[in-house]
Number of protein chains: 4
Amino acid sequence: MTAPPWVYDVWRLPTADPADVSALRERLQRDPGYEVLAVMGKTEGNGCVNDFSRTLAAHAYQHFLQDRGAGAPDISPLLIMSGGTEGVLSPHVSVFVRRARRADDLPGPALACGIARTDEIPIDELGRLGQARAVKRAVLTAMRDAAIENPADVHFVQIKCPLLTDARVLEARGKGLSVATDDTYQSMAYSRGASALGVAAALGEIDESAFGDEDVCDNWTLFSSVASVSAGAELSACEVLVLGNSESAAGPLCIGHAVMRDAIDAAAIRDAVASAESAANLAGDAKATIRQVFAKADPAGEVRGCRTTMFNDSDIQATRHARAAVGGLVAGQLGDPMVYVSGGAEHQGPYGGGPVAVLLERPV
Amino acid sequence: MTAPPWVYDVWRLPTADPADVSALRERLQRDPGYEVLAVMGKTEGNGCVNDFSRTLAAHAYQHFLQDRGAGAPDISPLLIMSGGTEGVLSPHVSVFVRRARRADDLPGPALACGIARTDEIPIDELGRLGQARAVKRAVLTAMRDAAIENPADVHFVQIKCPLLTDARVLEARGKGLSVATDDTYQSMAYSRGASALGVAAALGEIDESAFGDEDVCDNWTLFSSVASVSAGAELSACEVLVLGNSESAAGPLCIGHAVMRDAIDAAAIRDAVASAESAANLAGDAKATIRQVFAKADPAGEVRGCRTTMFNDSDIQATRHARAAVGGLVAGQLGDPMVYVSGGAEHQGPYGGGPVAVLLERPV
Amino acid sequence: MTAPPWVYDVWRLPTADPADVSALRERLQRDPGYEVLAVMGKTEGNGCVNDFSRTLAAHAYQHFLQDRGAGAPDISPLLIMSGGTEGVLSPHVSVFVRRARRADDLPGPALACGIARTDEIPIDELGRLGQARAVKRAVLTAMRDAAIENPADVHFVQIKCPLLTDARVLEARGKGLSVATDDTYQSMAYSRGASALGVAAALGEIDESAFGDEDVCDNWTLFSSVASVSAGAELSACEVLVLGNSESAAGPLCIGHAVMRDAIDAAAIRDAVASAESAANLAGDAKATIRQVFAKADPAGEVRGCRTTMFNDSDIQATRHARAAVGGLVAGQLGDPMVYVSGGAEHQGPYGGGPVAVLLERPV
Amino acid sequence: MTAPPWVYDVWRLPTADPADVSALRERLQRDPGYEVLAVMGKTEGNGCVNDFSRTLAAHAYQHFLQDRGAGAPDISPLLIMSGGTEGVLSPHVSVFVRRARRADDLPGPALACGIARTDEIPIDELGRLGQARAVKRAVLTAMRDAAIENPADVHFVQIKCPLLTDARVLEARGKGLSVATDDTYQSMAYSRGASALGVAAALGEIDESAFGDEDVCDNWTLFSSVASVSAGAELSACEVLVLGNSESAAGPLCIGHAVMRDAIDAAAIRDAVASAESAANLAGDAKATIRQVFAKADPAGEVRGCRTTMFNDSDIQATRHARAAVGGLVAGQLGDPMVYVSGGAEHQGPYGGGPVAVLLERPV
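How each quantity is defined
Residues numbered from 1 in each chain as written. Chains lettered and ligands numbered in written order. Predicted model: local features only at pLDDT ≥ 70, side-chain atom pairs only at ≥ 80, totals over all residues. Heavy atoms only, no water. Least-squares fit on C-alpha atoms with pLDDT ≥ 70 in both. Contact = heavy atoms within 4.5 Å. Helix = DSSP H or I, 4+ residues; strand = E, 2+ residues; numbered from the N terminus. Buried < 20%, exposed > 50% of the residue type's maximum accessible area, 1.4 Å probe, protein only. Buried area = accessible area lost by both parts, 1.4 Å probe. Salt bridge = Lys/Arg side-chain N within 4 Å of Asp/Glu carboxyl O. Polar contact = N/O pair within 3.5 Å; in protein donor to acceptor, adjacent residues only side chain to side chain. Nonpolar A, V, L, I, M, F, W, Y, C, P; charged D, E, K, R; others polar. Expected span 1.5 Å × (residues − 1). Pairing = 2+ DSSP bridges. Phe/Tyr/Trp six-rings, centres within 6.5 Å; stacked < 30°, edge-to-face > 60°. Lys NZ or Arg CZ within 6 Å of the ring centre and 35° of its normal. Axes fitted to C-alpha atoms, helices over the stretch in contact; angles between N-to-C directions.

A.B. asks: Looking at this structure, how should I read the relation of the copies chain A and chain C?
C.D. replies: Between the two copies of the chain lies a relationship made up of a rotation around an axis and a movement along it. Between chain A and chain C, which share one sequence, the superposing operator has a rotation angle of 180° and an axial displacement of 0.0 Å; the RMSD is 0.0 Å. Viewed as a symmetry operation, the transformation between the two copies matches a two-fold axis. Mapped onto chain C, 100% of the interface residues of chain A again fall at the interface, so both copies present the same surface.

Here's what the structure looks like:
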């Protein structure tokens, strides 16, 4: 998929409902030269087990892109739909696209996006080491796809992974297979956790030999600083999108990141901006524009020593609480509610915290 | 209730559950010289119609204070319980207390707290002009109680007001009385709205003759910049707590405020800090400590031109969404999740926004 | 669409998720001679405003039927998706099909199904007289389609109608149009109510001149005994499915109905069975089999003088409460949880009650 | 507590809100000769972890009974508050009372009620064998209290048991204690399950030596046919109320029971009525009146081979679904929505089912 020097772009487009592809249709009419690598959506369901807004969006974008033939020839575009737009968060899609480099493009290093897919995750490997290893391999494939060699140049790895529905749990029982958990909501956490450990292993943040099944969703000292994982019932393999800066890429975009140590870590958001500015290598007092933010929100029963009620609330799931709060903070800090905040950050940043990445556009 | 020059204090105390009075018990044992004027709680229910955490807290604090005889002799302490600690918000009470001034107290102007109660609000006046007028009178009474003469010195007016339960709606029907609405959740909005217009009238922000029943929850150009109203099924009158700075008061505390123009207005939080610092009249480079923040969160279907899903979410009420988001922003800005954020800001600040007040402690 | 003497059938098929069309695919492979008139689904969302399970199911069945060309040549199949499978209710679709009569078919009268569509309902007519009139005309069209002349032979009229989303409310404001309500959840009730009044007018249950806009969702003495209406964001016209017994139809199926006077009216369920048995005109002690039940569930703040909490529960919408309770009763009475129970029965049966129809299969 | 021959009565009283004691106050004024043994309430919260309606009711009834001195002299009345009145269920209390027998009372066998309390359940025994043993001992004590010798005469054992809140889980961690689960919602299931196994052991339904910690909430072949357990955050010991028929008791009331094999088992409700009628030993064609029904509702992912969505619904907890459905069935069968249906029937009846007991009044 790689080969020519690419210019990558990210189009952030509002959606009127999960099935709304109109803004992308319009944009592709205006910019027909781009091929679509991935659509990463914030859809407006509950982000939990029975969130059909994700499936609906995936159906709609898949039909649209199939009809158009919009993807690169050798891999179909990733559809990474993350549910949950609580509070001020605004439903939208970030569409990752690329075109061949032109002479007048800003030279790199610049944003590069790589994609990959694992095979189907067997039911009894979901939320376990097997899933982590499959993800690790896919992350390395996606880095090659993006022409990023140094793990330090990777600033965000978005993964969409499967979960255990009741039907899958029953299927496992029928086959005599053990599963990581038979609670469907909890299986989302295990699947996200194993995926994140796979990212950490791929980037050398932790050693693959250092953890086993029992560490998933238990040993919180193990984590990746750039992994962002979202689970959904609409797929059975893992899809990987790697975002980083590559010497081979060109164009005005750059990415950086930082790690929120808890759900109210405003300083980390500023650090992520600084990280991206540093990657952008701005001349003099040039000022870059923030194009998008990607953040993870992790529920916690205590924040800076104060009790929260996220885990005791039987009416609203903890991930919804966390997403709403972190969404309010990120949107407020940057004055923009159309940001990507995804909930449930097991092994994605430290316990209660999570990665935050910032996409900048350098002035031309 | 006024008379001697007072020193007012505000104790912010965590609660382990809505009925937990242990932290206040302990504090009063350590500081027996204070009388309790009001307990303003953030309890952990849904903040909507069937939020029994408010009633439970009111019961527990009422029993505790009655047994102790903790209040001023001439008025029983106000119990203003506001439900909803979504996201990172942490359940707590702010206890407003006072003691007679001593020679070594920092001279004023300083924080002063005044309280008052309306008569029972008749069912057919709830959410209407009648309620607004009753609140206006009570605000003026509370200002006198606090020895604040200039409305500009009032920085926060917290009101607890009743709502229409199904039982009250049926009672009204039985008596042939018209009600503002027969939707119980909506009646909370009307009651909050009418109360806020009463505050605005009392402080000269709007003219009482300028509005009628039909403006409540409809004409959003009318609002108070300092009103904060919370509705609950546990009372049938309105209770008013006025916070401001008074020449007659002494002690280290000062209060200021600003108005958030929408739910992501981080600048307004900084402005509120500046307003309080200005009132504190700090010498040289002295630095005050933030002791507490009081803010309102208002749901909105659109924030800075971006669609939100608060009003389309049939699983989570809009006020819960708003409280979670604004709570995340305020807590993140100030690094503290034990702040007071109350939801549903009808006529409390502009549509979609709301007042935010900051309580500072001057260094001694 | 009518013409030849038809045999109508109803296939009740379980679904593994809202997009699952596999059981229908399989059935049509086995029985290729049938054409599909309508798919009436019980999907597993919240049945309220943001229920994307309905849209997802509609997308999936539409794609499936388009690809197959399964419908009658002159009208595309109706897709009536009703959200909400609370409690024991089991997600499924009822597929209404027909084939030309054969010599050995049981002679009629037998079940006949007629379908029709209104034009798009203008935003300012939704929930009002205009919508009722459009539905009335469509019901009469569908009766002709089913070759049912006598309104007394109509036992169930299922309608799918639009609602007002935030976007539509804003659109109306922009155009200066008045809407029945600007509360999206409430608009579902108005749309259902106006549709039901249209059914009642079509069948002569009430006189069209006897009601106006102001009666919708207010004058509960006006209702239809056979209307069942479900609202959804996925369409902007009304779709009508008429079920009754026709002399022109043949085959083993018959339908009957009764009216539940409240949500715990078990006797009405038995009456509906008796009504269908009477229509089946069973010889001697022949025993028919219950093939499916269609019922409406209406929230009520009081049932037989006892207070319920449906309307005071700010965590679960009232229609979800009602559907769960009536679903439990119907499923328990008949020993079968895969029944159709739809929530929100405004003008569909008396206040707090609703129609219940029973489909029987006569022994051959 | 036993001694004189008693007449037991059960007063079923509606409540306007969880703290409403007015109906009991009135009843005790009319019937001052009774002492109160237990108040068993259906309160209107979510029945899950953060259900403060239970605590509020417990507070209110405790204050009321303390002030009155209404209980028997040697034991304070049990306050068993079970949250959740979904669907048509109507909030109420069943007050178990007794007075000394008079000459004209109907002779026994008649309803007898016995009560007992365990010691505080240690955090690391909650949901385990230790809790089951403590409950077993308490059940035997309560049987003696009721003068019931034969376990076959016990028809309902209601238990209120503690759960693990976040605070208790943290406390356990601090002390290095292991807990059955650290998911607060799940801890309710474990606590209910261990309690039910204790009942089964006490009544000889299973042998105490036949199970261990690992069977709790796992080995569903072990269950009691009369246990009904409700968990709540408002207590830390278990409270036991045994209901049965005793030769020593007098009066018109009798109790019987049956076991629902699943959530739609209408036949079991009829069987329970028959069981009570048999105990009542009615002469000729005398007809008894149903005074109250006590039933358990158990969530299940499949009912009679049909998929339900209770466990996949991340917006509404499974116990709420089950309670709504079973409540609809029981209320419909008996024409009365003020029945006691409690959710989460782990080891209380078979998986997916639960006990149902019927209280009859014999004609005088």
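A.B. asks: What is the right way to read unusual backbone geometry from this model?
C.D. replies: With the exception of glycine, the majority of residues adopt a negative phi angle, and the majority of peptide bonds are in the trans configuration. Between Gly108(C) and Pro109(C) the backbone carries a cis peptide bond, its omega angle lying at 0°. For Cys217(B), which is not glycine, the phi dihedral falls at a positive 60°. Along the chain, Cys217(B) falls in the loop between helix H5 (184-202) and strand E7 (227-231). Given the relative accessible area of 15%, Cys217(B) is considered buried. Positive phi, close to 45°, is recorded for Arg304(B), a residue that is not glycine.

A.B. asks: Please explain the relation of the copies chain B and chain A as it appears in this structure.
C.D. replies: Overlay of chain B on chain A (RMSD 0.0 Å): rotation 180°, translation along the axis 0.0 Å. By residue overlap, the copies meet face to face through one surface: 100% of the interface positions of chain B are interface positions in chain A.

A.B. asks: Would you explain the interface of chain B and chain A in this entry?
C.D. replies: It is common to give the size of an interface as the accessible area lost on bringing the parts into contact. Taken residue by residue, the interface counts 37 residues in chain B and 37 residues in chain A. Interface area, chain B with chain A, both sides summed: about 2700 Å², of which 59% is carbon and sulfur. When residues of chain B are sorted by the area they lose upon contact with chain A, Val88(B), Ile264(B) and Arg307(B) head the list and together hold 22% of the total. Where chain B touches chain A, the interface holds four salt bridges. Notably, a salt bridge pairs Arg307(B) with Glu44(A), separated by 2.8 Å at the nearest N-O pair. Taken together, chain B and chain A are joined by 14 residue pairs in polar contact (both at pLDDT 80 or more). The set of elements that each furnish at least two residues to the side of chain B that touches chain A consists of strand E12 (306-307) and helix H7 (318-334) of chain B. Among the elements that take part in the side of chain B that touches chain A, H7(B) stands out by supplying nine residues, more than any other. Split by residue class, the side of chain B that touches chain A holds 17 nonpolar, 11 polar and nine charged.

A.B. asks: Whenever I open this one, helix H5 (residues 184-202) of chain C confuses me. Can you help?
C.D. replies: Think of an α-helix as turning once every 3.6 residues; residues three or four places apart then point the same way. All names here are of chain C. For H5, spanning 19 residues, the distance from its first C-alpha to its last is 27 Å, which sits close to the expected 27 Å at 1.5 Å a residue. Across the 19 residues that make up H5, a large majority, 16, are buried. Sitting at the head of H5, aspartate 183 places a side-chain oxygen 3.0 Å from the backbone nitrogen of tyrosine 185.

A.B. asks: How should I be thinking about the pairing of strand E9 (residues 253-260) of chain A in this particular structure?
C.D. replies: Each regular strand carries side chains that alternate between the two faces of the sheet. All names here are of chain A. For E9, a buried count of six out of eight residues is recorded, marking the element as mostly surrounded by other parts of the structure. Two elements, E9 and strand E14 (residues 354-361), share eight bridges in a ladder whose sense is antiparallel. When the bridges of E14 are listed, alanine 258 appears paired with valine 356.

A.B. asks: When you look at the packing of aromatic side chains in this model, what are you seeing that I'm missing?
C.D. replies: What characterises a pair of aromatic rings is the spacing of the ring centres plus the angle enclosed by the ring planes. Within this structure, the stated rule accounts for 20 aromatic pairs over all chains. On the basis of an interplanar angle of 75° and a centroid distance of 5.1 Å, the ring pair of Trp11(D) and Tyr34(D) is categorised as edge-to-face. Of this pair, Trp11(D) sits in strand E1 (residues 6-14) while Tyr34(D) sits in the loop between helix H1 (22-30) and strand E2 (35-43), placing them 23 residues apart in sequence. Here Trp11(D) falls in the buried class, since its relative accessible area comes to 2%. Residue classification places Tyr34(D) among the buried positions, given a relative accessible area of 14%. One aromatic cluster in this structure is built from Phe96(A), Phe156(A), Phe294(A) and Tyr340(A). Geometry around Trp6(D) places Arg98(D) over its ring, the cationic atom sitting 3.7 Å from the centre.

A.B. asks: Even after reading the chapter, I still don't get the sheet that holds E2(D), so can you show me in this structure?
C.D. replies: The pairing of strands in a sheet comes from backbone hydrogen bonds and takes either a parallel or an antiparallel form. Residues and elements named next belong to chain D. If you walk across this open sheet you meet the four strands as E1-E4-E2-E3, and the pairing is mixed. Only two strands of the sheet have a single partner each, and these edge strands are E1 and strand E3 (78-83). Here the strands of the sheet are splayed against their neighbours by 15° on average, with no regard to which way each runs. Relative to E3, E2 is paired through six bridges, and the arrangement is parallel. Opposite glycine 41, over in E3, you have methionine 81 as the bridge partner. H1 contacts E1, E2 and strand E4 (92-100) of the sheet and is inclined by roughly 140° relative to E1.

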